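For reference, the chains in residue letters:
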Amino acid sequence: GVRHEPTSKIVLDLERLYDDASEELAYVARYARAIQQQRGDYNGRVLSIRADDLRALAIVYDASPSGLIERLTEHGVLVADPRAFFAN
Ligand code: C2E
Ligand code: C2E
Ligand code: C2E
């Protein structure tokens, strides 16, 4: 059957993502750039991504969506609360 992962909004910290030198995040960075292009959303410091796109990306990493979220968290490229992020 289908495993339902918890759904909370996935928000990437673009500055951290694009500055991250690790090979591991190369596909995430490339994907984020493609989404920015599709939306014409070039000036944001953060990018909200679709749950569907996270699922697709997880396949590339041979991980579950929650497994990929864990890795992104380890690299510090996820924003837990975009509004708190901008309140700083
Ligand atoms: P589309 O999927 O036909 O969506 C058309 C417009 O509906 C989007 O224009 C956006 O304004 C709105 N929209 C669709 N889904 C959502 C959503 O979940 N949340 C919000 N806030 N708005 C939504 P936009 O942003 O200019 O995107 C243009 C097209 O670029 C989209 O057409 C889609 O084909 C592609 N695209 C943009 N962002 C993504 C993405 O994150 N993932 C994927 N797979 N495609 C995207
Ligand atoms: P903001 O652009 O001032 O948006 C404030 C809140 O309005 C958002 O909180 C969200 O609840 C709502 N909102 C804005 N645009 C949309 C939309 O297209 N669809 C829907 N359904 N709601 C919308 P949120 O999501 O917590 O985001 C907080 C701030 O984080 C946003 O302030 C914006 O500055 C930034 N942000 C989040 N996602 C993106 C993104 O994908 N691209 C960019 N450039 N900024 C983003
Ligand atoms: P959001 O705008 O707050 O949308 C939350 C959820 O509502 C989306 O989760 C999606 O399931 C649904 N939704 C909102 N607008 C539409 C729509 O026009 N068409 C459809 N079919 N569903 C819609 P999802 O897909 O996981 O997206 C998470 C967040 O990623 C969105 O939060 C939005 O911030 C961003 N996003 C996703 N797709 C697009 C897009 O095409 N353009 C833009 N600008 N932002 C998008």
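Residues numbered from 1 in each chain as written. Chains lettered and ligands numbered in written order. Predicted model: local features only at pLDDT ≥ 70, side-chain atom pairs only at ≥ 80, totals over all residues. Heavy atoms only, no water.

Q: What exactly am I supposed to notice about the site of ligand 1 here?
A: Around ligand 1, the surrounding shell consists of Ile35, Gln38, Arg39, Arg50 and Asp53. Between ligand 1 and the protein, one listed contact pairs an oxygen atom with a side-chain N or O atom of Arg50 at 3.1 Å. One of the side-chain N or O atoms of Asp53 is found 2.4 Å from a nitrogen atom in ligand 1. Contact with the protein chains covers 37% of the free accessible surface of ligand 1, which is 770 Å². Sorting elements by how many residues they give to the shell around ligand 1 places helix H2 (residues 26-39) first, with three residues. Its residues placed into classes, the shell around ligand 1 shows one nonpolar, one polar and three charged. (Near = heavy atom within 4 Å. Polar contact = N/O pair within 3.5 Å; in protein donor to acceptor, adjacent residues only side chain to side chain. Areas by Shrake-Rupley, 256 points an atom, 1.4 Å probe, with all protein chains shown as cover. Helix = DSSP H or I, 4+ residues; strand = E, 2+ residues; numbered from the N terminus. Nonpolar A, V, L, I, M, F, W, Y, C, P; charged D, E, K, R; others polar.)

Q: Can you walk me through the site of ligand 3 in this structure?
A: For ligand 3, the full set of nearby residues is Lys9, Arg39, Ser48, Ile49, Arg50 and Ala51. At 3.2 Å from an oxygen atom of ligand 3 is found a side-chain nitrogen or oxygen belonging to Lys9. Here Ala51 contributes a backbone N or O atom positioned 2.8 Å from an oxygen atom of ligand 3. In isolation ligand 3 has 780 Å² of accessible area, and contact with the protein removes 32% of it. Looking at the shell around ligand 3 residue by residue, the classes come out as two nonpolar, one polar and three charged.

Q: In this structure, what is going on with the packing of aromatic side chains? I would like to understand it.
A: Given two aromatic rings, one states the distance between the centres and the angle between the planes to describe the pair. All told, the structure shown has two aromatic pairs when counted by the stated rule. Judged by centre distance (6.1 Å) and plane angle (85°), the rings of Tyr27 and Tyr61 are edge-to-face. Placement of the pair is Tyr27 in helix H2 and Tyr61 in the loop between helix H3 (51-60) and helix H4 (65-74), with a sequence separation of 34 residues. Centroid distance Phe85 to Phe86: 5.3 Å. Interplanar angle 80°. Geometry classified as edge-to-face. (Phe/Tyr/Trp six-rings, centres within 6.5 Å; stacked < 30°, edge-to-face > 60°.)

In short, shape yes, function no, at least from these values alone.
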